[in-house]
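Tertiary structure, described
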Amino acid sequence: MNKDRYAINSSEQPSSEERLCPRISIGIECPFGDECKFSHDIENFLANKGPDLGRRCPVFEAFGSCEYGLRCRFAQAHTTANNAQIVDEDKVKLSEQEKKTFNHISKDMLICLRKKKYQYPRTKAFEHSSAPKRQRIQTGNVDFRGKTYLGPLTTLGNLPFRRTCKGFGVDITCSEMALATNIMLGKQSELALLRRHESEDIFGVQLAGRRVDVIGRATEFISAECNVDFIDLNLGCPIELAYNKGAGSALLNQPTQIERIVRIMRYVSDCDITVKLRTGIKTGNNLAYNLIPKFERWGAAMGTLHGRSRQQRYTKYADWEYIGECKQVTGQIPLFGGGDVLSWEDYWDHLETKKQCDGVMVSRGALIKPWIFREINERRVWDISANERLDILKDFARYGMEHWGTDTYGIANTRRYLLEWQSFLHRYIPAGLLEVLPQKMNERPPPYYGRNDLETLMASPSPKDWIKISEMVLGPAPDGFTFIPKHKSNAYED
Ligand SMILES: Cc1cc2nc3c(=O)[nH]c(=O)nc-3n(C[C@H](O)[C@H](O)[C@H](O)COP(=O)(O)O)c2cc1C
Ligand SMILES: [Zn+2]
Ligand SMILES: [Zn+2]
């Protein structure tokens, strides 16, 4: 869980004296004057800026004004001949009415968290009350049963990616895993993970941690200050960093600790509390079957079981039979299953034919082919063309720039997240080229030629080719740009 994973290369990141002041950039006076740590020299900035990447600015088009001003790499779309910024007042009013994203935490709130001034009345009440009083009304806000669920994906399950999947009809989305400690400490990068797009109509946030008091506080904060439908507790993360701190899957053999955590989460929040777990820690020693029957009593509204142990990581297929056995003992709440679903056949087989779960979570399948949700809903294969796949990337680039920004840094971020995603996307084998459908998760495709050059390029396992594809949707990468996929090192998928 390297949270600085997207700290951009120092070669791409000029010092602040070389960066144009954000105020000057949008044509307002800067109160810091000569003291400002940013440059106020517009001429010099523009002389070194590099050409615009296009004539239309995605931020300006979406919101009616572009907060990046002269720094925007599409600045010509909203800049007059004398460098003033154009504002489309009607559109600004419209986009203010229909908020596009939620869960922006204000500066004042950040300071409040950092100075430990935030009051956690419910957590404190819970801590000071005796066991029998620790009951609050059970809320069953969300009807999870039978809905499609895009699983939480660190780094890859960012807001622009989830928005892409919403476009293909997924029902439930979840944030990347956030560390409860960092939420409580007011770390901006962690709080940014809570952002929700307006299209996400059933949205949850996932928390990882070990301490009851810390998870309680993070849950109370999110429930009170953010717009979420559920908060999910991570009991599955296999990563050493989490495991060694006793978080994620390490909690699986501490049922008493899990009980305390779920109970406090239930007590301090108004949204649903859900739990996501693996089968166990060591292969051959499954723990889920004994844990799952207790979730309902502790106050959880739903559980998701990934059918692998921590030790197993991503080797062998997920044990769906075991998921089916666990479903028998879940009680009244729904149990979702997850693991290896890469086709609409897999999906309906687990849900309807074998009745192994009350809903299916799809994670890597959505990274490899985000249109899987349309295939699931329509119960048929979509032999999507390479051009249609490129259109998906174009949309992602637009969503990415809306989210991360249209200045050089925002575009660099968008490119890095796109490239990260491409390390999964290239694994898709076009349905029209397969002799036997459907494609299976653990079958690595042999090298093949696509039906045109773009399709062949999209199948390349080489990051150099991914960069080429990124240039088709984001313009040229900086000179000397290189890329090594991060997820390879996060051990989520060895
Ligand atoms: C790159 C990557 C990141 C992941 N991040 C998370 C995460 O933050 N939280 C979590 O509970 N699971 C995470 N997972 C696990 C998935 O949500 C899912 O449980 C697992 O991949 C099995 O489902 P699948 O075969 O459909 O991918 C991640 C998986 C991958 C491949
Ligand atoms: Zn300034
Ligand atoms: Zn712009």
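Residues numbered from 1 in each chain as written. Chains lettered and ligands numbered in written order. Predicted model: local features only at pLDDT ≥ 70, side-chain atom pairs only at ≥ 80, totals over all residues. Heavy atoms only, no water.

Per an unreviewed UniProt entry, the protein is named tRNA-dihydrouridine(47) synthase [NAD(P)(+)], and its organism is Coemansia reversa. Checking UniProt for the protein, the heading Sequence similarities (unreviewed entry) contains the comment "Belongs to the dus family. Dus3 subfamily." (UniProt positions renumbered as here; feature names shortened; annotations may be inferred.)

In the vicinity of ligand 1, 15 residues are found, and the nearest of them are Thr-154, Gln-206, Tyr-314, Asp-340 and Arg-364. Within the side chain of Gln-206, an N or O atom sits 2.7 Å from a nitrogen atom of ligand 1. In this structure, an oxygen atom belonging to ligand 1 sits 3.0 Å away from a main-chain N or O atom of Ser-363. The residue inventory of the shell around ligand 1, partitioned by class, reads six nonpolar, six polar and three charged. (Near = heavy atom within 4 Å. Polar contact = N/O pair within 3.5 Å; in protein donor to acceptor, adjacent residues only side chain to side chain. Nonpolar A, V, L, I, M, F, W, Y, C, P; charged D, E, K, R; others polar.)

Let's shift gears to the coordination of the zinc ion (ligand 3). Where a metal carries four tetrahedral donors, each ideal angle is 109.5 degrees; where it carries six octahedral donors, the ideal angles are 90 or 180 degrees. Binding of the zinc ion (ligand 3) to the protein goes through Cys-57 (SG), Cys-66 (SG), Cys-72 (SG) and His-78 (NE2), at separations of 2.1 to 2.4 Å. Coordination geometry of the zinc ion (ligand 3): the four donor atoms subtend angles of 99 to 115 degrees at the metal centre, consistent with an arrangement described as tetrahedral. If you list the donors of the zinc ion (ligand 3) from N- to C-terminus, the spacing comes out as C-x8-C-x5-C-x5-H. Of this pair, Cys-57 sits in the loop between helix H2 (42-48) and helix H3 (58-63) while Cys-72 sits in the loop between H3 and helix H4 (89-97), and the two are 15 residues apart along the sequence. Each member of the pair Cys-57 and Cys-72 is classed as buried. (Donors = N, O, S within 2.8 Å, 3.2 Å for Na, K, Ca; no water. Tetrahedral: all angles 85-135°; square planar, octahedral: opposite > 155°, others 65-115°. Helix = DSSP H or I, 4+ residues; strand = E, 2+ residues; numbered from the N terminus. Buried < 20%, exposed > 50% of the residue type's maximum accessible area, 1.4 Å probe, protein only.)

As a further point, take the nonpolar core. Counting 111 residues, the largest nonpolar core has Phe-221, Ile-222, Phe-295, Phe-373 and Trp-421 as its most contacted members. A per-element tally of this core places helix H18 (residues 386-404) first, with eight residues. Filtering out sequence-adjacent residues up to four positions away, Phe-295 remains in contact with Leu-235, Ile-258, Val-275, Leu-277, Ala-300 and Ile-333. Residues Val-142, Phe-144, Ile-202 and Met-302 belong to the second largest nonpolar core, which totals 11 residues. (Core = buried A, V, L, I, M, F, W, Y, C linked by side-chain atoms within 4.5 Å. Contact = heavy atoms within 4.5 Å.)

When cut into domains, the protein gives domain 1 (10-97), domain 2 (101-378) and domain 3 (386-489). Relative placement of domain 1 and domain 3: their C-alpha centres are 29 Å apart. At the junction of the two partners, domain 1 supplies 16 residues and domain 3 supplies 17 residues. In total, about 1,300 Å² of surface goes out of reach between domain 1 and domain 3, with carbon and sulfur atoms giving 63% of it. Here domain 1 is connected to domain 3 by two residue pairs in polar contact (both at pLDDT 80 or more). (Domains from an automatic or database assignment. Buried area = accessible area lost by both parts, 1.4 Å probe.)

On the UniProt side, "zinc finger region: C3H1-type" (unreviewed entry) is annotated at positions that read residues 15-43 and 56-81 here. Within the segment residues 56-81, helix and strand shares are 23% and 0% respectively, and the terminal C-alpha atoms sit 16 Å apart.

Our focus in this paragraph is the pattern of salt bridges. In total, this model carries 25 salt bridges according to the counting rule given. Linking Arg-380 and Glu-378 is a salt bridge whose minimum nitrogen-to-oxygen distance equals 2.9 Å. Residue Glu-378 is classed as partly exposed on the basis of its relative accessible area of 38%. For Glu-455, the salt bridge is made with Arg-451, and the minimal N-O distance between the two is 3.0 Å. Through salt bridges with shared partners, a single ionic network connects Glu-240, Arg-310 and Arg-313. (Salt bridge = Lys/Arg side-chain N within 4 Å of Asp/Glu carboxyl O.)

A residue-level look at the protein finds 92% of positions with pLDDT of 70 or above and a mean pLDDT of 92. Every residue in residues 1-7 is under pLDDT 50, and counting partners more than four places away or in other chains gives 20 contacts. (pLDDT = per-residue confidence, 0-100.)

Axis separation between H18 and helix H21 (residues 463-474) bottoms out at 9 Å; the angle between their running directions is 65 degrees. Relative to H21, the element H18 is oriented roughly perpendicular. For the pair H18 and H21, the crossing hand works out as right-handed. Facing H18, whose interface residues are Leu-390, Leu-393, Lys-394, Ala-397 and Met-401, H21 presents Ile-469, Met-472, Val-473 and Leu-474. Class assignment of the residues belonging to the contact of H18 with H21 gives a composition of eight nonpolar, no polar and one charged. (Axes fitted to C-alpha atoms, helices over the stretch in contact; angles between N-to-C directions. Parallel < 35°, antiparallel > 145°, perpendicular 65-115°, else oblique. Left-handed = near helix turned anticlockwise from the far one by under 90°.)

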